[in-house]
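# Structural description and commentary
Listed below are the residues making up each chain.
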Protein chains: 4
Amino acid sequence: MAQETPYRKLPQQARGQQRIARLLDAAECVFAAVGYDAATTNAIAAQANTSIGSLYQFFPNKEALLTALAGRYLAELRDTLDQTLTPETTELPLADFLDCILGALGSFLGEHTSFRPLFISARHPGHTKDEVANAAYELRQEVVLRIDGLLALRAPSLAEADRLLYAQVCVDTVRGLLPLLQATPPSRRPRVIAEMKRLLLAYLAPVIG
Amino acid sequence: MAQETPYRKLPQQARGQQRIARLLDAAECVFAAVGYDAATTNAIAAQANTSIGSLYQFFPNKEALLTALAGRYLAELRDTLDQTLTPETTELPLADFLDCILGALGSFLGEHTSFRPLFISARHPGHTKDEVANAAYELRQEVVLRIDGLLALRAPSLAEADRLLYAQVCVDTVRGLLPLLQATPPSRRPRVIAEMKRLLLAYLAPVIG
Amino acid sequence: MAQETPYRKLPQQARGQQRIARLLDAAECVFAAVGYDAATTNAIAAQANTSIGSLYQFFPNKEALLTALAGRYLAELRDTLDQTLTPETTELPLADFLDCILGALGSFLGEHTSFRPLFISARHPGHTKDEVANAAYELRQEVVLRIDGLLALRAPSLAEADRLLYAQVCVDTVRGLLPLLQATPPSRRPRVIAEMKRLLLAYLAPVIG
Amino acid sequence: MAQETPYRKLPQQARGQQRIARLLDAAECVFAAVGYDAATTNAIAAQANTSIGSLYQFFPNKEALLTALAGRYLAELRDTLDQTLTPETTELPLADFLDCILGALGSFLGEHTSFRPLFISARHPGHTKDEVANAAYELRQEVVLRIDGLLALRAPSLAEADRLLYAQVCVDTVRGLLPLLQATPPSRRPRVIAEMKRLLLAYLAPVIG
DNA sequence: AATGAATGAGAATTCATTCAT
DNA sequence: AATGAATGAATTCTCATTCAT
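Keep in mind the model is a prediction, meaning the values are calculated, not measured.

Let us look at the arrangement of the chains. Chain A shows no contact with chain C. Their nearest C-alpha atoms sit 31 Å apart. There is a clear gap between chain B and chain C: no contact, and 12 Å between their nearest C-alpha atoms.

Quick look at the relation of the copies chain A and chain B now. If you rotate chain A by 179° and push it 0.1 Å along the axis, it lands on chain B with an RMSD of 0.2 Å. With respect to symmetry, the two chain copies, as superposed, fit the operation of a two-fold axis. The C-alpha atom lying nearest the rotation axis in chain A is that of G176 of chain A; the distance is 1.8 Å. Comparing interface residues between copies, 100% of those in chain A also lie at the interface in chain B; the contact surface is shared.

It is worth spelling out the interface of chain D and chain C at this point. Between chain D and chain C, the residue contacts involve 36 residues of the former and 36 residues of the latter. Taking both sides of the interface into account, the surface hidden between chain D and chain C amounts to around 3,000 Å²; carbon and sulfur atoms contribute 63%. For the pair chain D and chain C, the number of links is 2 salt bridges. Taking the shortest distance from any N to any O, the salt bridge between R191 of chain C and D162 of chain D comes out at 2.8 Å. Linking chain D with chain C are 8 residue pairs in polar contact (both at pLDDT 80 or more), by the criterion used here. Taken together, the elements giving at least two residues each to the side of chain D that touches chain C come down to helix 1 (14-34), helix 6 (115-120), helix 8 (160-183) and helix 9 (189-204) of chain D. By residue number, the principal contributor to the side of chain D that touches chain C is helix 8 of chain D, which donates 13 residues. Looking at the side of chain D that touches chain C, its residues break down into 20 nonpolar, 8 polar and 8 charged.

In the vicinity of DNA strand F, 39 residues are found, and the nearest of them are T41 of chain A, R19, G53 and Q57 of chain B together with N42 of chain D. Of what DNA strand F places within 4 Å of the protein, 63% of the atoms are sugar or phosphate. At 3.3 Å from a phosphate oxygen of DNA strand F is found a side-chain nitrogen or oxygen belonging to S54 of chain C. Measuring from a phosphate oxygen of DNA strand F, one finds a backbone N or O atom of A39 of chain D at 3.2 Å. Breaking the surface near DNA strand F down by element, the ones donating at least two residues are helix 3 (52-58) of chain A, helix 1 (14-34) and helix 3 (52-58) of chain B, helix 1 (14-34) and helix 3 (52-58) of chain C together with helix 2 (41-47) and helix 3 (52-58) of chain D. Split by residue class, the surface near DNA strand F holds 11 nonpolar, 19 polar and 9 charged.

How each quantity is defined
- Residues numbered from 1 in each chain as written.
- Chains lettered and ligands numbered in written order.
- Predicted model: local features only at pLDDT ≥ 70, side-chain atom pairs only at ≥ 80, totals over all residues.
- Heavy atoms only, no water.
- Contact = heavy atoms within 4.5 Å.
- Least-squares fit on C-alpha atoms with pLDDT ≥ 70 in both.
- Buried area = accessible area lost by both parts, 1.4 Å probe.
- Salt bridge = Lys/Arg side-chain N within 4 Å of Asp/Glu carboxyl O.
- Polar contact = N/O pair within 3.5 Å; in protein donor to acceptor, adjacent residues only side chain to side chain.
- Helix = DSSP H or I, 4+ residues; strand = E, 2+ residues; numbered from the N terminus.
- Nonpolar A, V, L, I, M, F, W, Y, C, P; charged D, E, K, R; others polar.
- Near = heavy atom within 4 Å.

This is the structure we're talking about:
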């Protein structure tokens, strides 16, 4: 889970920091537009208003952009979760607790559109080189661990293995339903979200107090 | 849903029929090994022990291989579902009913390992050219419609729109959980499957008799 | 100028003769539609409602189709010229004589649309493999020799070399002007043809009685 | 007549400018040797001592090379015509006037051997994608317009439409005769050129003062 | 550091021609 | 003879990555 830093060199100067941020913004934009495979490093450099040479000054290869982008998402995701999922959340009734979690995730997804493919993408066993899926896995695991932590507070008597399983099932269920949510016209999305909550509530209620 | 036949020409000779099958087998194999994007038509031809020219005699391009493969899966899937999901299934208690459905899908997935990526792959809004996701969508919709049909028999009083939504939620939930199942070591898979069933049962019980 | 017969084998049976004719018709059609280079032998076979195998039964390669087609044109051209350019033509005033020649060539071109590219195409020195240009050259030479023959009757005192040069200049001039004629909207074509005649008349009058 | 610049990107570095020139030289050479259709981009890159990647860095496709080459010819042609066809030329007797024009064109053709195929090539109606013919058309039209302009000075009383037609007839006549000139052994070329002049003079004398 | 030109392996696809049936 | 499947060299073009300036 711990990974080498994807950067070729950490720039000391502020200008470099900005350039990295611009490159990541560009990568986010291009990945979101055409997908990781179809994205070209030249297009990313162009989108960032830099030269391809500069891109490779900071990132050793295309995958490093993805990794760094995932890292940035991870940091932002942690921030969001830190702010919305406090230990007090644990005290809420289960339905409200779920609302909190789904709300936090939902707003994050809403604000980081290109995060969605990363969050959704599934690992295909065998495709060892599916960088997107690997990066996605790590991001989801972060959410899983958060939820696991909250469940631990809320239902201390649960066995650790069970708790982790419940958390994973919840996250993967949400992941599975996200495309349906996307494909649904906005007017009918609340209904889908309601189903999502009902599903998770029905699943968790028997095991969580 | 029905699409133009992806074949360039339907071979009149038996030899050609076999070669098409061999090419599809090869495509299945290569797609499963490295994914659609990374798969090369040359690799597929080689895997099929044919020349690249023969491949293009029957398939106008790489996408056609995927489409044809999805078509073959669809036909086989229909067969499997026809055999395992009879109207009588409807009479079973909900838990057994779910066992049937999940069992059918599970055995199909088990026998067609490279079908899984297709079944799992999600559409990323915006990537209009994501052929895998598009093909996957059609395959899943077939399952959705089957389940919808069964639900109609089982709970005739349900509104059609609700029924379809329930079916979609179930299928996408399973889709979401499949990677978890894959990533779980075989010894612990029964537990995951049990959770899957519990999840779906808890979701459906309140709305299905 | 004499060339090997382009046919792989001269079919004894009438059926084969017909098939050859059909193939040449098809080649004419396809060459006219997309040009020699872009024409594919498969397209020609398809247009002829035959199999590619049959095509190669009669023609050893693509060039042979062109050669045979040129041969057929040559025969037809000779027929046309035989009928329209009789020795009596020689007796006419020069203007009427030119009318005859241009009329004969014009009607032939009108009836054999795909003959035009062949007639027009120029040899590019150096492109030794420009089959179209080579075939075209032979066709034009036939016309040159005819005109030369007529000039010999009409102006017996001319030196042979001069006569041939005059004939060649006339033919190449017409060849040069044909694209202009084609590009001119039909309503204005008579004007272009009139210029063509004026040009040739002004050229020949001083040297031909 | 003005067309989009065929270049993919205008190189900012001097090195790139040189490389473009080298690539165009190579294209000129290869086109001249085997013709546009048979020329391969790899051969052009090799001839230019560059990698195929560099070629595509500057030219998006093979046609762009032709277009750029035609553009270069056009610029050079304009220069040549500017220098040789001054308004004073108009004052000369018609025979000398023709000498000037043919001389200018002749020397240009002599110095740019691979320009000839471009200048000669005819549009075949229907072959919409005949890039060579299209490029050739533009080059010839430049000459036509130049001659038209000179005729306007020389014979101001001519109707514009007539003038343009005369100019076109002259250019296409020359175009038609060029292959004959090429095919003639050098020793006899002056004779052919003399005929060419006699032809044009006889054509123009009645209409131009 | 920054730029962007240079590289070339590798991808998809075509098509003339051969050959098994 | 007829059919059409099989072949594979050849072609155009891409793009991750390196390197000279």
